[in-house]
Amino acid sequence: MAALTTDNPRIIEANHDEFPTELPVVASGVIFDGSFAGHSGSTGNVRALVAGDNFAGISVEKTDNSTGAAGAKRAVLKRNGVLCEVAVTGAAGIGDVLASVYASSDNDLTLTSAGNSLIGKIDRYNAATGRFNVLFQALGVRSL
């Protein structure tokens, strides 16, 4: 897959313990609905995830700050939950349940840890579709 260029809403199981969080977006950044978001190491603001970023959550709506300064817009992110029916590169089936899952871009999941961003673990495998549910969790980041 490739980085997102349009919205790609994700199916996320309801989690009554978590409300979406709003975090400031980098200058000139666009985060699409369904993007994996990461913290920019240089600014602390969020952006469409780049491999190696700290995982900040999954965007639940498009945030277009393409003409704005850092923090001019805030992304609405789901920081934990279960991402449903997704492809995970390197995962082959039921034997991969509980394997760590990493994002290599704002749209791609993999079992490869090197250089990528940890987002969670495989929770379930659907043999009928060959897809996985991923329990995701953004850690250690708070917005003031």
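Everything that follows concerns the structure shown earlier in this document.
Everything in this summary refers to the structure shown in the same document. (Residues numbered from 1 in each chain as written. Predicted model: local features only at pLDDT ≥ 70, side-chain atom pairs only at ≥ 80, totals over all residues. Heavy atoms only, no water.)

## A word on the sheet that holds strand β5 (residues 54–59)
Consideration 1: The antiparallel open sheet is built from five strands, whose spatial order is β1-β7-β5-β3-β4. Every other strand in the sheet has two partners, leaving β1 (21–24) and β4 (46–48) as the edge strands with one partner each. Strand-to-strand twist in this sheet, taken as the mean axis angle between neighbours without regard to direction, amounts to 50°.
Consideration 2: Bridge count for β5 against strand β7 (residues 74–78) is two bridges, and the pairing is antiparallel. In the sheet register, Ser59 faces β7, and the bridge partner there is Leu77. (Pairing = 2+ DSSP bridges. Helix = DSSP H or I, 4+ residues; strand = E, 2+ residues; numbered from the N terminus. Axes fitted to C-alpha atoms, helices over the stretch in contact; angles between N-to-C directions.)

## Focus: the pattern of salt bridges
A side chain with one charge may pair with a side chain of the opposite charge, provided their charged atoms come close.
Consideration 1: Throughout the structure, instances matching the rule amount to two salt bridges.
Consideration 2: Arg47 is paired through a salt bridge with Asp53; the nearest N and O atoms lie 2.6 Å apart.
Consideration 3: Among the residues examined, Arg47 registers a relative accessible area of 25% and is labelled partly exposed.
Consideration 4: Close ionic contact of Arg124 with Asp123 constitutes a salt bridge, the shortest N to O distance being 3.4 Å.
Consideration 5: Judged by its relative accessible area of 31%, Asp123 falls in the partly exposed class. (Salt bridge = Lys/Arg side-chain N within 4 Å of Asp/Glu carboxyl O. Buried < 20%, exposed > 50% of the residue type's maximum accessible area, 1.4 Å probe, protein only.)

## Considerations on the environment of Ile31
Consideration 1: With respect to the element layout, Ile31 can be found in strand β2 (residues 29–31).
Consideration 2: Judged by its relative accessible area of 0%, Ile31 is buried.
Consideration 3: Sequence spacing of Ile31 and Ala48 is 17 residues, and the spatial spacing of their C-alpha atoms is 5.2 Å.

## Focus: the packing of aromatic side chains
Consideration 1: In the structure shown here, the tally under the stated rule is two aromatic pairs.
Consideration 2: Centre to centre, the rings of Phe55 and Phe136 are 6.2 Å apart; their planes meet at 85°, and the pair counts as edge-to-face. Of this pair, Phe55 sits in strand β5 while Phe136 sits in strand β12 (residues 131–137), and the two are 81 residues apart along the sequence.
Consideration 3: Assessed through its relative accessible area of 1%, Phe136 is described here as buried.
Consideration 4: For the pair Tyr125 and Phe132, a centre-to-centre distance of 5.0 Å together with 40° between the ring planes defines the contact as tilted.
Consideration 5: For Tyr125, a relative accessible area of 25% corresponds to the partly exposed category. (Phe/Tyr/Trp six-rings, centres within 6.5 Å; stacked < 30°, edge-to-face > 60°.)

## A word on the pairing of β5
Consideration 1: β5 sits mainly inside the fold: five of its six residues count as buried.
Consideration 2: As paired elements, strand β3 (residues 36–39) and β5 share four bridges and run antiparallel to each other. Looking at the pairing, His39 lines up with Asn54 of β5.

## Topic: the side chain of His39
Consideration 1: Within the secondary structure, His39 is located in strand β3.
Consideration 2: Of note is the side chain of His39, whose polar atom sits 3.3 Å from the backbone oxygen of Gly44. (Polar contact = N/O pair within 3.5 Å; in protein donor to acceptor, adjacent residues only side chain to side chain.)

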